[in-house]
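Each chain is listed here by its residues.
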Amino acid sequence: MGSSILAILSLIVIGYSVGSVRIVKEGNAALIERLGRYRATLEPGVNFIVPLLDSLVIEDTLREQILDSEPRSATTRDNVNVEVDAVIYWRILDLEKTYYSIEDVETAIQELVITTLRSEIGKMELQETFSSRETINKALLDVLDEATEPWGVKVNRVEVQEIKIPTEVEESMRLEQAAEIAKRAAITKAEGLKEAAILEAEGNVQSMRLISQAFDGQLSQSEIMKFLIAQRYVDANQKLGESENSKVLFMDPRALTEGIVDLMSDSPDVNN
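The text that follows walks through the structure, step by step, so that each part is easy to find.

The rules we used
Residues numbered from 1 in each chain as written. Predicted model: local features only at pLDDT ≥ 70, side-chain atom pairs only at ≥ 80, totals over all residues. Heavy atoms only, no water. Helix = DSSP H or I, 4+ residues; strand = E, 2+ residues; numbered from the N terminus. Buried < 20%, exposed > 50% of the residue type's maximum accessible area, 1.4 Å probe, protein only. Contact = heavy atoms within 4.5 Å. Areas by Shrake-Rupley, 256 points an atom, 1.4 Å probe, with all protein chains shown as cover. Axes fitted to C-alpha atoms, helices over the stretch in contact; angles between N-to-C directions. Parallel < 35°, antiparallel > 145°, perpendicular 65-115°, else oblique. Left-handed = near helix turned anticlockwise from the far one by under 90°. Nonpolar A, V, L, I, M, F, W, Y, C, P; charged D, E, K, R; others polar. Expected span 1.5 Å × (residues − 1). Arc of directions from axis to C-beta. Pairing = 2+ DSSP bridges. Phe/Tyr/Trp six-rings, centres within 6.5 Å; stacked < 30°, edge-to-face > 60°.

**Quick word on the overall build of the protein**
- For the protein, the count of helices and strands is 8 helices and 9 strands.
- Buried positions account for 26% of the 272 residues belonging to the protein.
- Considering only contacts in the protein between residues 6 or more positions apart, those separated by 24 or more positions represent 65%.
- Accessible surface for the protein amounts to roughly 18,700 Å². Of this, 55% is attributable to carbon and sulfur atoms.

Here it is, written out as structure tokens:
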């Protein structure tokens, strides 16, 4: 009889001891309530509670977590509808505040992110949104950091992942960009032709001076111009002959000779 009572008492003690032990994993924290009221926050490791009076209500991680918000619509200042989403890196600093201050902390953070995103994008035109992601990220972080402090939560980083625009707007932007590139190319080409013409004119003036000096000023400006034209004609035919492409040129040798002679012949000076 005595041994039976001892065995029963031993089982009760063992059961009480087992029921009073709570093991919390590393990186986590747990909340204990006694008779429905908050009693303590358990740290990682072995903890002891009072069975029947104390109960573990939640155990959650204190490590950084990633929250990926779903794409939501927003309207830019120039009335373009876009879809935006963001990823939030956050962690619980005070599990007691997080559990008792807010019903669903993840949903609350998501809704706060979307509201702030819509507000920031509404201040910008469409083109600005693509180059202002850092500004949007900072605005999100400032708002979230202030709003989540009473919840015992710390938002470490917020990144806008994608700003998706309608297909027709994207196509319009692509065509506009292609037109702008073509415009810049045309301007560059025109400027190049202008510079080449200026250099060519300067070269012609220099050549005329050299020829005039070579003949001690005996040739008129008209004669020098005829000489330069004839020289270019000969150079052009020489380059044509050096080309790798096959060609056949039909020309009366006599007409060619006479043409060059006519260019070099005397004629009344246009300046006289």
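Once you've had a look at it, read on.
**Observations concerning the packing of helix H3 (residues 105-121) against helix H5 (residues 133-148)**
- One way to put it is that H3 packs onto H5 with a least axis distance of 10 Å and a crossing angle of 140°. By the angle class used here, H3 and H5 are oblique. You can see that H3 and H5 cross each other, and the crossing is right-handed. Contact residues: H3 offers Ile109, Leu112, Val113, Thr116, Leu117, Glu120 and Ile121, while H5 offers Ile136, Ala139, Leu140, Val143, Leu144, Ala147 and Thr148.
- Of the residues assigned to the contact of H3 with H5, the class counts are 11 nonpolar, 2 polar and 1 charged.

**Considerations on H5**
- Helix length check: H5, at 16 residues, gives a terminal C-alpha distance of 22 Å against a target of 22 Å (1.5 Å per residue), a fit within 8%.
- Among the residues of H5, Ile136, Asn137, Ala139, Leu140, Leu144 and Thr148 are the ones counted as buried. Each buried residue of H5 lies within a common arc of 165° when the element is viewed along its axis, so the set occupies one face. Exposed and oriented more than 90 degrees from the buried face of H5 are Glu134, Lys138 and Glu146.
- Considering only its buried residues, H5 is in contact with H3, helix H4 (126-131) and strand S9 (153-164).

**Some points on the sheet that holds strand S5 (residues 54-61)**
- The 3 strands are arranged S3-S2-S5 in an open sheet whose pairing can be described as antiparallel. Of all the strands in the sheet, the pair left with one neighbour each is strand S3 (37-42) and S5. Averaged over all adjacent pairs, the angle separating strand axes in this sheet is 25°, with direction ignored.
- Here strand S2 (residues 28-34) pairs with S3 via 5 bridges, running antiparallel. Considered in S3, the bridge of Glu33 is made with Tyr38.

**Examining the packing of aromatic side chains**
- Evaluated as defined, the whole model comprises 2 aromatic pairs.
- Pairing Tyr38 with Tyr100 gives two aromatic rings, centres 6.0 Å apart and planes at 75°, and the pair type is edge-to-face. Linking Tyr38 in strand S3 with Tyr100 in helix H2 (residues 95-101), this pair joins segments that are 62 residues apart in sequence.
- Owing to a relative accessible area of 32%, Tyr38 belongs among the partly exposed residues under this scheme.
- With relative accessibility at 39%, the residue Tyr100 sits in the partly exposed group.
- Taken together, a centroid distance of 4.9 Å and an interplanar angle of 85° make the contact between Tyr99 and Tyr100 edge-to-face.
- A residue is classified by how much of its surface remains accessible, and Tyr99, at 34% relative accessible area, is partly exposed.
- Here a set of aromatic residues connected by ring pairs shows up, and it is made of Tyr38, Tyr99 and Tyr100.

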